[in-house]
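# Descriptive analysis of the structure
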Amino acid sequence: MTVYRLGYVAMSLNLQNASPSQTMTLKSFKNINDWEAAVRKLERIAKSNIQNCLRLLKHNKAHEVDFFRLSSRLVPLATHEDLAKWDYIAALKESLIELGRFSEANGMRVDFHPDHFVVLNSPDKEIFQVSLDVLKYHYLLLRYMGLSPDHRCVIHLGGRYADKEQSLERFIDHWSVVPKGIQKMLIIENDDTSYTLGNCLYVCEKLNIPQVFDIHHHLANHDGESWEDHWPRVVNSWSHSPLPVKMHISSPKSEKEFKAHADYVDVDLLLDFVKKTNGSARQIDCMIEAKKKDNALFKLTNELKKHPNIEMITQSSFKWKD
DNA sequence: GCTCGTCAAGGACCT
DNA sequence: AGGTCCTTGACGAGC
């Protein structure tokens, strides 16, 4: 019997003024002539983002949601080369530890998914280095939150660069120069344009990396393969992880805009996944990637509650009963 | 208190 | 080779 746990991404539609992604562009930073004053403003924004994250976790606790993706934009400009001498960790230490403690004390799984500009298979050395810098930033946030960074950060394999096979092998080549701590932090997700679940599993098995299965991406990009055939390999890729198997689920916005995310997740898509994977693992964590964020999660759980074969365990976790 | 253009990034894709 | 789109939420200018 598998326990399924639902989570959502980065922000809530139910909390007012609780954005964890307030920002400052490089342009507006440079418009402030006093460097110290500009940095102080950045630090105010970053602290507010982290404090808003804590509010989000408290909101989640109230609704028994204990799976959550943190915004990657907590610290604006943290990885920008022009701010390399800015010691953002020193300014944010206390806020970070408070956030980490709350998530640990409440048994929450929190993780990151930096956007697609992290490309470890880039043939351009500078882009590869910037990607490492961005990953190091995520690593530091986790460390200073007091959390083990292992398997907390989802990335994609990267670009095709006109030769997909060679570019996939370049990921494997580059992996050897990725610092060990960052290697252990990473998990790989199939994408909707280039690397299919089969491609990703090949890399994951070679490098001993857990595979994050994205069912929406798979439907958009699958080379005629069925995910069901690959599923045992996905589960097996998590065998060395202390964390449960993780997957992403979203519904297409429309037939025409198939790759875009819909407001909500179709409950039948989730039910089909549950029926096909029930019993395959002790627990599977399902990340709801929908425009309506936590409201999409709440809508799903309301629909699940009414299903005769679903037994709710908490407000956001459940199991299938025959 | 709205709407719309802007910001920031790398790559895919089209001309 | 160059231009446009993709994605994201926030922000700021202008009404």
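Shown above is the structure to which this text applies.
Being a predicted model, the structure only gives us computed values, none of them experimental.

With that out of the way, let us pick up the nonpolar core. In terms of nonpolar packing, the biggest core is built from 99 residues, with Val 75 and Phe 273 touching the most fellow members. No other element matches helix H2 (residues 35-62), which puts 10 residues into this core. Residues in contact with Phe 273, not counting those within four places in the same chain, are Tyr 4, Phe 213, Ile 215, Trp 227, Trp 231, Met 247, Ile 284 and Cys 286.

Within the structure shown, the criterion is met by 13 aromatic pairs. Judged by centre distance (6.4 Å) and plane angle (80°), the ring pair of Tyr 4 and Phe 273 falls under edge-to-face. Of this pair, Tyr 4 sits in strand S1 (residues 3-9) while Phe 273 sits in helix H10 (residues 267-277), placing them 269 residues apart in sequence. Accessibility assignment for this pair places Tyr 4 and Phe 273 in one class, buried. The rings of Tyr 4, Phe 213, Trp 227, Trp 231, Phe 273 and Phe 318 are connected pair by pair, giving a single aromatic cluster. Geometry around Tyr 264 places Lys 299 over its ring, the cationic atom sitting 5.0 Å from the centre.

A few words now on the protein's contact with DNA strand B. Close contacts around DNA strand B come from Thr 25, Leu 26, Lys 27, His 116, Phe 117, Val 119, Ser 122, Ile 127, Gly 159, Arg 160 and Tyr 161, and that covers them all. Sugar plus phosphate, as a fraction of atoms of DNA strand B within 4 Å of the protein: 69%. Measuring from a base nitrogen of DNA strand B, one finds a side-chain N or O atom of His 116 at 3.2 Å. Within the side chain of Arg 160, an N or O atom sits 2.4 Å from a phosphate oxygen of DNA strand B. Taken together, the residues of the surface near DNA strand B break down into five nonpolar, four polar and two charged.

Before going further, it helps to spend a moment on the protein's contact with DNA strand C. Around DNA strand C, a shell composed of Met 11, Ser 19, Ser 21, Gln 22, Thr 23, Arg 73, Ala 260, Lys 291 and Lys 293 is seen. Among the residues forming the surface near DNA strand C, the class breakdown is two nonpolar, four polar and three charged.

Attention now goes to unusual backbone geometry. One non-glycine residue, Asn 17, adopts positive backbone phi at about 50°. Looking at where Asn 17 falls in the secondary structure, it is placed in the loop between S1 and helix H1 (26-31). With phi around 65°, Leu 77 is a residue other than glycine that occupies positive phi space. On the secondary structure map, Leu 77 appears in the loop between strand S2 (67-69) and helix H3 (88-105).

Next up on the list: H2. For H2, with 28 residues, the first-to-last C-alpha span of 41 Å sits near the 40 Å given by 1.5 Å per residue. Two or three places before Glu 36, at the start of H2, stands the capping residue Asp 34, its side-chain oxygen 3.1 Å from that residue's backbone nitrogen.

Okay, the packing of helix H5 (residues 164-175) against helix H7 (residues 197-207) next. Where H5 meets H7, the closest approach of the two axes is 11 Å, and the angle between their N-to-C directions is 25°. In this view, H5 runs roughly parallel relative to H7, as classed from their interaxial angle. As for the relative orientation of H5 and H7, their crossing is right-handed in sense. On H7, the residues touching Lys 164, Leu 168, Glu 169, Phe 171, Ile 172 and Trp 175 of H5 are Asn 199, Tyr 202, Val 203, Lys 206 and Leu 207. The residue makeup of the contact of H5 with H7, split by class, is seven nonpolar, one polar and three charged.

Time to look at the environment of Trp 86. Within the secondary structure, Trp 86 is located in the loop between S2 and H3. Judged by relative accessible area, Trp 86 falls into the buried class, the value being 6%. Put simply, Trp 86 and Met 247 are 161 residues apart on the chain and 36 Å apart in space, counted from C-alpha to C-alpha. The residues contacting Trp 86, other than those within four sequence positions of it, are Trp 35, Val 39, Leu 42, Glu 43, Val 75, Pro 76, Leu 77 and Ala 78. A polar contact of 2.8 Å, which involves the side chain of Trp 86, links it to the side chain of Glu 43.

Glancing now at the pairing of strand S10 (residues 317-320). Bridge count between S1 and S10: three bridges; the pairing is antiparallel. Residue Val 3 lies in a different strand from S10, and its bridge partner there is Lys 319. Relative to S10, strand S9 (residues 310-312) runs antiparallel, the two being bridged by three bridges. Bridge assignment links Met 312 to a residue of S10, and that residue is Phe 318. Counting the residues that bridge the hairpin from S9 to S10 gives four residues.

Rules and cut-offs
Residues numbered from 1 in each chain as written. Chains lettered and ligands numbered in written order. Predicted model: local features only at pLDDT ≥ 70, side-chain atom pairs only at ≥ 80, totals over all residues. Heavy atoms only, no water. Core = buried A, V, L, I, M, F, W, Y, C linked by side-chain atoms within 4.5 Å. Buried < 20%, exposed > 50% of the residue type's maximum accessible area, 1.4 Å probe, protein only. Helix = DSSP H or I, 4+ residues; strand = E, 2+ residues; numbered from the N terminus. Contact = heavy atoms within 4.5 Å. Phe/Tyr/Trp six-rings, centres within 6.5 Å; stacked < 30°, edge-to-face > 60°. Lys NZ or Arg CZ within 6 Å of the ring centre and 35° of its normal. Near = heavy atom within 4 Å. Polar contact = N/O pair within 3.5 Å; in protein donor to acceptor, adjacent residues only side chain to side chain. Nonpolar A, V, L, I, M, F, W, Y, C, P; charged D, E, K, R; others polar. Expected span 1.5 Å × (residues − 1). Axes fitted to C-alpha atoms, helices over the stretch in contact; angles between N-to-C directions. Parallel < 35°, antiparallel > 145°, perpendicular 65-115°, else oblique. Left-handed = near helix turned anticlockwise from the far one by under 90°. Pairing = 2+ DSSP bridges.

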